[in-house]
Amino acid sequence: MSEKKPAYKRILLKLSGEALMGDDDYGIKPEVIHSMAADIKALHAQGVEIGIVVGGGNIFRGAGLAQGGMDRVTGDHMGMLATVINGLAMQDALERVGLYCRVMSAMSIHSVCEDYVRRRADRHLEKGRICVFAAGTGNPFFTTDSAAALRAVELRCDLLIKATKVNGVYTADPMQDSSATRYDRLSYDDVLDQKLGVMDQTAIVLCRDNKMPLMVCNVLEEGALMKVVQGDNSVGTVVEAA
């Protein structure tokens, strides 16, 4: 384990549902979620307080069904439930590696997890427990990106990490355009003006207005999360206030 001290005391990690399925087409890939749990344990061992917001795109997307004719509010509620499934899977993986974890849902589902209460979440983090925040903001029409920005601001995190399958923000989709180049650093206004699609606009504006720094990195790259938390910005793209 690296001797270097962490540059951040409290972080919010945004995990997309797609990241949990690895190279599969659907669901949760056990090897991926177990690898993530091991990386998070390494961060925890450095004394970092860790909150996690999970998406649900590996199971269900409310916006997709809405395009097919389903009521948008109903679809979004179904999507929120998908994030609870992912949250419970992440809790199990984290507990298997010996960490204490609480799933806190923005929707009340008392038989499987706690309600999200900011002061309670703050206390869990102070005690060294991992908090997994599920069900987005609890409201339709808001993405889990917006939920991640909101929780990061509410809980006074030092850094918001958007963990994806790509190691940063590019000028174009690197999977489709081999000439795409990666940005090392961007301002929030750059992201909005250039419509770079880092996160949805609500999340970006919330981060910008509250001066919440954001790092976009590849969660599947070995050691990337540790490097980010130790202040190494070479593994992704930093987005911050101009």
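These remarks concern the structure in this document. (Residues numbered from 1 in each chain as written. Predicted model: local features only at pLDDT ≥ 70, side-chain atom pairs only at ≥ 80, totals over all residues. Heavy atoms only, no water.)

### Structural notes on the pattern of salt bridges
On inspection of all chains with the given rule, the structure shows 17 salt bridges. Between aspartate 209 and arginine 208 there is a salt bridge; the shortest N-O distance is 3.1 Å. Taking the relative accessible area as the measure of exposure, arginine 208 reaches 29% and is therefore partly exposed. Shared partners join several salt bridges into a network, and the residues in it are Lys9, Arg10, Glu49, Asp122 and Arg156. (Salt bridge = Lys/Arg side-chain N within 4 Å of Asp/Glu carboxyl O. Buried < 20%, exposed > 50% of the residue type's maximum accessible area, 1.4 Å probe, protein only.)

### Considering the environment of lysine 227
Counting through the fold element by element, lysine 227 comes out in helix H9 (residues 224–229). When its relative accessible area of 35% is taken as the criterion, lysine 227 is described as partly exposed. As for lysine 227 and glutamate 126, which are separated by 101 residues in sequence, their C-alpha atoms are 23 Å apart. Beyond its immediate chain neighbours, meaning those up to four positions away, lysine 227 contacts Asp232 and Val235. (Helix = DSSP H or I, 4+ residues; strand = E, 2+ residues; numbered from the N terminus. Contact = heavy atoms within 4.5 Å.)

### What to know about the pairing of strand S2 (residues 49–54)
Most of S2 is tucked away, with six of its six residues classed as buried. Alternating positions in S2 separate into two faces, Glu49, Gly51 and Val53 on one and Ile50, Ile52 and Val54 on the other, with burial throughout. Taken together, the six bridges between strand S1 (residues 10–15) and S2 define a ladder with parallel strand orientation. Paired with arginine 10 across the strands is glutamate 49, a residue of S2. (Pairing = 2+ DSSP bridges.)

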